[in-house]
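Chain residues, written in single-letter form:
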Amino acid sequence: MKKIWVGTSWKMNKDTQTAEAWASAVLPSLKHCSSRIQPFVIPPFPYLQMVSSLLSEQLIRVGVQNICWQDEGAYTGEVSPLMAKDCGASIVEIGHSERRAMFGETDETVTLKVHAALRHGLTPLVCVGDTAQEKQWGVSAESVIRQVKIALYDIPVESLTQVVIAYEPVWAIGEHGVPATLEEAQTIHQAIRSALAELYGANVSQNMVLLYGGSVNLSNAGGLIEQPDIDGVFVGRTAWEADGYSELLSIAERSGS
Ligand code: 13P
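Predicted, not measured: the structure shown is a model, and the values here were computed from it.

J.: Can you walk me through the overall build of the chain in this structure?
T.: Helices and strands together make up the secondary structure of the chain, namely 11 helices and eight strands. Computed over its C-alpha atoms, the radius of gyration of the chain comes to 17 Å, within 12% of the 18 Å expected for a compact globule of 257 residues. Taking the principal axes of the C-alpha coordinates as reference, the chain spans close to 50 × 45 × 35 Å. For the chain, the proportion of its 257 residues judged to be buried stands at 53%. Contacts spanning at least 24 positions in sequence make up 70% of the contacts within the chain whose residues lie at least 6 apart. Carbon together with sulfur atoms contributes 53% to the accessible area of the chain, which is approximately 11,800 Å² in total. For the chain, the separation between the mean place of its 18 positive charges and that of its 29 negative charges on side chains is 3 Å.

As structure tokens, this is what we get:
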């Protein structure tokens, strides 16, 4: 049975005290988590090492919100995959829509970063999404599949099942976002799954992890997780409080049981 992934990125939020408080508060839920669930948390870089050591005994995986595609050198302001790994990360978020919209992330840099993460044994968590305009034009699936294809360009087939893809509609993310309906989310997930099957075969496609993100909350999480092509949720606001994250873990635990 495939695992259900339940993760959160804190984006640019929290400080030492609140980061530590979150990690301590979710510990009891993590201790009770069954092996059916794959929890993960992606703090900002400065709190990576602390969060990863506080939670090191648990099943939870810790990640970073970005990496450079180079290993070292004159790249002021960047963090290399080796540094992320050295500080406890095993997941690298790549291509979040906020990075694409505000920080110059392109499909080209996304694929470079996917290659870099895999080169160092890190799990790339590739975010893809359609804009409101693309949704209106009826090209959501095309847009998202194009992003997936470029992200995975030239990745050896045997490495593909180490890649996680998160479908995060741009129109669904954040305070002004409207969550995708279960049907909208499943439709795009199914389209991604079929495209992957066409490219790499049904076996690889079935074994790849596809997550949904964008205004996931305590009311829609269970339904999303139960969609046939959705393997878990990637959550912002609802999981920033430890109680919200713990409740999401319980929802995942109850789903399909
Ligand atoms: P929200 O859950 O706050 O909409 O954020 C989703 C997201 O961007 C996760 O990467």
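J.: For this particular structure, what's the right way to read the site of the ligand?
T.: As a structural note, the neighbourhood of the ligand is formed by Lys11, His96, Glu168, Ala172, Ile173, Gly174, Gly214, Ser215, Phe234, Val235, Gly236 and Arg237. In this structure, an oxygen atom belonging to the ligand sits 2.8 Å away from a side-chain N or O atom of Lys11. Take Ser215: an N or O atom from its main chain is 2.8 Å from an oxygen atom of the ligand. Considering only residue class, the shell around the ligand consists of four nonpolar, five polar and three charged.

Definitions and limits used
Residues numbered from 1 in each chain as written. Predicted model: local features only at pLDDT ≥ 70, side-chain atom pairs only at ≥ 80, totals over all residues. Heavy atoms only, no water. Helix = DSSP H or I, 4+ residues; strand = E, 2+ residues; numbered from the N terminus. Rg over C-alpha atoms; globule rule 2.2 N^0.38 Å. Buried < 20%, exposed > 50% of the residue type's maximum accessible area, 1.4 Å probe, protein only. Contact = heavy atoms within 4.5 Å. Areas by Shrake-Rupley, 256 points an atom, 1.4 Å probe, with all protein chains shown as cover. Lys, Arg positive; Asp, Glu negative; His and termini not counted. Charge placed at Lys NZ, Arg CZ, Asp CG, Glu CD. Near = heavy atom within 4 Å. Polar contact = N/O pair within 3.5 Å; in protein donor to acceptor, adjacent residues only side chain to side chain. Nonpolar A, V, L, I, M, F, W, Y, C, P; charged D, E, K, R; others polar.

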